[in-house]
Amino acid sequence: MPKFWHSYFLKKLMKKLIPIFLIYIFLSSCGGGGGSSDVTTNDGFDRKIILASTYDNIIIPAYNDFNSKLTYLKSSIESFSNSPDEIKLNEVRTKWRSAYIAWQNIAMFDIREAESVFFSKIMNSYPANEDVINTNIDNSVSQLVGISSAELGSTGFPALGYLIYGLGNDSNDVISYYNSTNPATSSAKRIGYLNAVINQMTSNTDAIIQDWNNNRSSFVNSSGNSATSSLNLITNDFLYYLEKRVREAKIAIPTAVRTNFVPLPTHVESFYKPDLCKKLLEQAFLSVERFYYGISFDGTELNNGLKSYLEYLGNNETLISSIDTKIDQVNIEISQVDDNFITQLNTDPTELSDIFYKIQDIVPLMKTDMLSVFNISTDYLDNDGD
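Residues numbered from 1 in each chain as written. Predicted model: local features only at pLDDT ≥ 70, side-chain atom pairs only at ≥ 80, totals over all residues. Heavy atoms only, no water.

Take the overall build of the chain next. A count of helical and extended segments in the chain gives 16 helices and 0 strands. Per-residue burial over the chain gives 53% buried out of 386 residues. Contacts in the chain between residues at least 24 apart in sequence constitute 78% of all its contacts with a sequence separation of at least 6. Total accessible area on the chain is roughly 16,200 Å²; 50% of this is exposed by carbon and sulfur atoms. (Helix = DSSP H or I, 4+ residues; strand = E, 2+ residues; numbered from the N terminus. Buried < 20%, exposed > 50% of the residue type's maximum accessible area, 1.4 Å probe, protein only. Contact = heavy atoms within 4.5 Å. Areas by Shrake-Rupley, 256 points an atom, 1.4 Å probe, with all protein chains shown as cover.)

Below, the structure is given as structure tokens:
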């Protein structure tokens, strides 16, 4: 299993163990008395302001936008399945691109139902696992439920990328793949799996949106400071996302910056459509900025984010300035790389490595200094030497 997923599973384990440990400490100190684990903060800041703004202005609009684009993708796949041709294939590709970009806006929010169903793993584990995909097709798999570590990369956007771009040298090869009359490799099996992938994506998305829509009050009102409080959970997921799914998965792994510096082009996020890689990274980092600065999904600067929390507490001007500067530097580095990350890796991989180092500069400022100011503990382990 890749190092990235070891960290992922440790994170999930820690989320389960930390509340149990805290309950034990609480009962030990109070003689078994009752009480809420959502400890009240003593800094005077109303955390509900951040939680309500994040819910109303970022999470819900981003999920609605993603759901709309995913629905269009599903419709285009259904149309293509009925009669595969180049026009319909191009429509699927266009909708896949649009939905993949929109995914970057919600990937950070890996809590509640999303965490329960392993949403991020199902939707965007890459590189695509071609062996498992082809085995599933051979076995006439037409329904997908959950995912195991051995199946990572056989579902979600990477699997769709393989199924609509990776089956030959051009569009004609892809269309022929779905029009095959060979009984041993029937088009029905292939179309069945294509639809199984998109159906799993939409069904999970529907369940997660329903959970968010039904639980605004519990999310916003969990405004204390404990391992299970909303702001603690979502801030930890924000940092985990920045570290593991932006810095590591999108940059460190394909550049091999942590190992031998021999690039791994097969590990870029959009391997079968590599000129999309930069756009996915830009959108992912924009989602990081939204949460930190408290910017709404439509781009309105509401100033109801982590930065406003630091400003309220005072005496954090140097930290705030340093974070602002480092964020600007990351955006400058991203702007300078090629749209196609495979091309960039083959010509000058250091341009991508520079992005890694700039993000690396942000991590201790937020993970160590900022969390210390907020009195929030990390709920995941890593050994990246941050």
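Once the structure has been displayed, the description carries forward.
To continue, consider the side chain of glutamine 104. Of note, glutamine 104 is situated in the loop between α3 (86-103) and α4 (113-116). Taking the relative accessible area as the measure of exposure, glutamine 104 reaches 1% and is therefore buried. Polar contacts involving the side chain of glutamine 104 include one to the side chain of lysine 250, which spans 2.9 Å. Those residues in contact with glutamine 104, other than ones at most four positions away along the chain, are Asn124, Tyr241, Lys250, Glu269, Leu280, Gln283, Ala284 and Ser287. (Polar contact = N/O pair within 3.5 Å; in protein donor to acceptor, adjacent residues only side chain to side chain.)

Helices that pack against each other are described as a pair by the angle of their axes relative to one another and the distance between those axes. Running from N to C, helix α11 (residues 230-255) and helix α16 (residues 350-374) cross one another at 160 degrees; their axes reach a closest spacing of 10 Å. For the element pair α11 / α16, the angle class is roughly antiparallel. α16 is crossed by α11, and the crossing has left-handed handedness. Residue-level inspection shows Thr235, Phe238, Leu239, Leu242, Glu243, Val246, Arg247, Glu248, Ile251, Ala252 and Thr255 of α11 in contact with α16, the latter providing Leu352, Ser353, Ile355, Phe356, Ile359, Gln360, Ile362, Val363, Met366, Lys367, Met370 and Leu371. When its residues are assigned to classes, the contact of α11 with α16 shows 15 nonpolar, 4 polar and 4 charged. (Axes fitted to C-alpha atoms, helices over the stretch in contact; angles between N-to-C directions. Parallel < 35°, antiparallel > 145°, perpendicular 65-115°, else oblique. Left-handed = near helix turned anticlockwise from the far one by under 90°. Nonpolar A, V, L, I, M, F, W, Y, C, P; charged D, E, K, R; others polar.)

The next subject is the environment of glycine 224. Structurally, the position occupied by glycine 224 is in the loop between α10 (216-221) and α11. In this structure glycine 224 comes out as buried when scored by relative accessible area, which is 6%. For glycine 224 and asparagine 42, which are 182 residues apart along the polypeptide, the C-alpha to C-alpha distance reads 9.4 Å.

What follows covers the pattern of salt bridges. Applying the stated criterion to the full structure yields 14 salt bridges. Where glutamate 91 meets lysine 95, a salt bridge forms, and the shortest distance between an N and an O atom there is 3.5 Å. Here glutamate 91 and its partner lysine 95 are both found in helix α3, 4 residues apart, which amounts to about one turn of the helix. For glutamate 91, a relative accessible area of 37% translates into the label partly exposed. Lysine 95 sits in the partly exposed class, given a relative accessible area of 24%. Between arginine 258 and glutamate 248 there is a salt bridge; the shortest N-O distance is 2.9 Å. Residue arginine 258 is located in the loop between α11 and α12 (277-293), and its partner glutamate 248 is located in helix α11; the two are separated by 10 residues in the primary sequence. Because the salt bridges share partners, they merge into one network encompassing Glu243, Arg247, Glu248, Arg258 and Lys367. (Salt bridge = Lys/Arg side-chain N within 4 Å of Asp/Glu carboxyl O.)

What you tend to see is this: most non-glycine residues have negative phi, and most peptide bonds are trans. With an omega of 10 degrees, the peptide bond running from tyrosine 126 to proline 127 counts as cis. Position of proline 127 relative to the elements: it lies in the loop between α5 (119-124) and α6 (130-138). Its identity as a non-glycine residue notwithstanding, alanine 256 has a phi of 55 degrees, on the positive side. When its relative accessible area of 3% is taken as the criterion, alanine 256 is described as buried. Within the chain, phenylalanine 261 stands out as a residue other than glycine whose phi angle is a positive 60 degrees. Here phenylalanine 261 shows up in the loop between α11 and α12. You can call phenylalanine 261 partly exposed: its relative accessible area is 48%.

For glutamate 289, the position within the fold is in helix α12. Buried charge glutamate 289 goes without a salt bridge, the closest partner of opposite sign being arginine 290 at 8.8 Å. Side chain to side chain, glutamate 289 and asparagine 331 meet in a polar contact 3.3 Å long. Apart from the residues lying within four places of it in its own chain, the contact partners of glutamate 289 are Gly294, Ile295, Ile327 and Asn331. (Lys, Arg positive; Asp, Glu negative; His and termini not counted.)

Attention now goes to the packing of aromatic side chains. Per the counting criterion, the structure on display carries 21 aromatic pairs. Relative to phenylalanine 157, the ring of tryptophan 103 lies with its centre 6.5 Å away and its plane at 45 degrees, an arrangement referred to as tilted. One end of the pair, tryptophan 103, is in helix α3; the other, phenylalanine 157, is in helix α7 (residues 156-165), and 54 residues separate them in sequence. Residues tryptophan 103 and phenylalanine 157 agree in their burial class; the two are buried. (Phe/Tyr/Trp six-rings, centres within 6.5 Å; stacked < 30°, edge-to-face > 60°.)

As a further point, take the confidence of the model for the chain. With 87% of its residues at a pLDDT of at least 70, the chain reaches an overall mean of 90. Confidence drops under a pLDDT of 50 for residues 1-10, and excluding neighbours within four residues, the segment shows 23 contacts in the predicted structure. Residue range residues 12-37 is modelled with pLDDT below 50. Its contacts to residues more than four positions away, or to other chains, number 24 contacts. (pLDDT = per-residue confidence, 0-100.)

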